[in-house]
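Residue strings, one per chain:
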Amino acid sequence: IEKNGVSRKVIAKDKNWSNPTALIAYSSNIYVLDPGAGQIFRYNSSESGYSEGSEYFQSDVDIADAGSFAIDGSIYISFPQTVVKYTSGLQDGYNPQFGEEKTVIHAVQTALELDEVYVWDREHGVVQALSKKGAFRFQAASSVLTRAQAIAVYEGAVIALVVSKLYRIALQGE
């Protein structure tokens, strides 16, 4: 939204989109997750706006069940039972080890400035912290996490949005 209150389209519907479900701004670029197209589209920032979308994956990948994604230089994609890591468009050797026997993944979060990959299991009210190599580190549990619509990891805590309130749940491993 511009200063005068008028919104401005920065990227028109890409002809390659099928069913985009999530987006992330990272390093001045925009990434769009499109499970229907089996692709993440990257739009590079420039002085005149954004470039045409380029495909992130270098080969066919099955991301039909992808739920969310996070970027720290590599891209982590959540699926109901696992998280898969891609680096430079190729699947990385990431093997997540969860602290709970039955983990149902709702979302994944990480960033360059975070030391861990955070996996939100909404069904069980848990956020698990995994190393960037996939080892289980610690978890935070709260009934608030079963009711949340969204979470963010910020300053050593999980911030959970529940209807019109924000809750802070400390991460014990921090």
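Keep in mind it's a predicted model, so treat the numbers as computed, not measured.

Turning our eyes to something else, we now look at the overall build of the chain. Secondary structure summary: the chain contains one helix and 17 strands in total. Here the C-alpha radius of gyration of the chain, 17 Å, is about what a compact globule of 174 residues would show, namely 16 Å. Per element, the accessible surface of the chain, about 9,900 Å² overall, is 47% carbon and sulfur. Across the chain, the 15 positively charged side chains and the 20 negatively charged ones have centroids separated by 6 Å.

Here we come to the nonpolar core. With 17 residues, the main nonpolar core has L145 and I151 as its most contacted residues. Broken down by secondary-structure element, the contributors of at least two residues to this core are β12 (116–121), β13 (126–131), β14 (136–141), α1 (144–147), β15 (150–154) and β16 (157–162). Top element by residues in this core is β16. It accounts for three residues. Contact partners of L145, with chain neighbours within four places excluded, come to W120, R122, G125, V126, V127, A140, I151, V158, A160 and I169. Counting 16 residues, the second largest nonpolar core, distinct from the first, contains I40, I63, F79 and Y86.

Secondary-structure assignment places K85 in strand β9 (residues 83–87). Of the residues examined, K85 reaches a relative accessible area of 13% and is grouped as buried. At 3.5 Å, the side chain of K85 and the backbone oxygen of K132 are in polar contact. Ignoring any residue separated from it by four or fewer positions in sequence, one finds K85 in contact with S74, I75, Y76, L90, Q91, D92, Y94 and K132.

Moving on, we get to the pattern of salt bridges. This model, assessed by the stated rule, comprises three salt bridges. Linking K85 and D92 is a salt bridge whose minimum nitrogen-to-oxygen distance equals 3.8 Å. Here R137 and E116 are joined by a salt bridge, their closest N and O atoms 2.1 Å apart. A residue pair is termed long-range when its members are at least 10 positions apart, and R137 in strand β14 and E116 in strand β12 qualify at 21 residues.

Turning next to the packing of aromatic side chains. Per the counting criterion, the structure on display carries four aromatic pairs. Look at W17 and Y43: their rings are 6.4 Å apart centre to centre, the planes differ by 90°, and that puts the pair in the edge-to-face class. Taken as a pair, W17 in the segment before β1 (22–26) and Y43 in strand β3 (residues 39–43) lie far apart in primary sequence, 26 residues in all. Y43 matches W17 in its accessibility class, with the two residues each being buried. Summarising the aromatic geometry, the rings of Y76 and Y94 are spaced 5.5 Å apart at their centres and angled 80° between planes, so their arrangement reads as edge-to-face. Of this pair, Y76 sits in strand β8 (residues 75–78) while Y94 sits in the loop between β10 (90–91) and β11 (107–109), and the two are 18 residues apart along the sequence. Y94 matches Y76 in its accessibility class, with the two residues each being buried. Three or more aromatic residues joined by ring pairs form one cluster here, namely Y56, F57 and Y86.

Scoring rules and cut-offs
Residues numbered from 1 in each chain as written. Predicted model: local features only at pLDDT ≥ 70, side-chain atom pairs only at ≥ 80, totals over all residues. Heavy atoms only, no water. Helix = DSSP H or I, 4+ residues; strand = E, 2+ residues; numbered from the N terminus. Rg over C-alpha atoms; globule rule 2.2 N^0.38 Å. Areas by Shrake-Rupley, 256 points an atom, 1.4 Å probe, with all protein chains shown as cover. Lys, Arg positive; Asp, Glu negative; His and termini not counted. Charge placed at Lys NZ, Arg CZ, Asp CG, Glu CD. Core = buried A, V, L, I, M, F, W, Y, C linked by side-chain atoms within 4.5 Å. Buried < 20%, exposed > 50% of the residue type's maximum accessible area, 1.4 Å probe, protein only. Contact = heavy atoms within 4.5 Å. Polar contact = N/O pair within 3.5 Å; in protein donor to acceptor, adjacent residues only side chain to side chain. Salt bridge = Lys/Arg side-chain N within 4 Å of Asp/Glu carboxyl O. Phe/Tyr/Trp six-rings, centres within 6.5 Å; stacked < 30°, edge-to-face > 60°.

Such coordinate-based values are descriptive only and should not be taken to indicate function.
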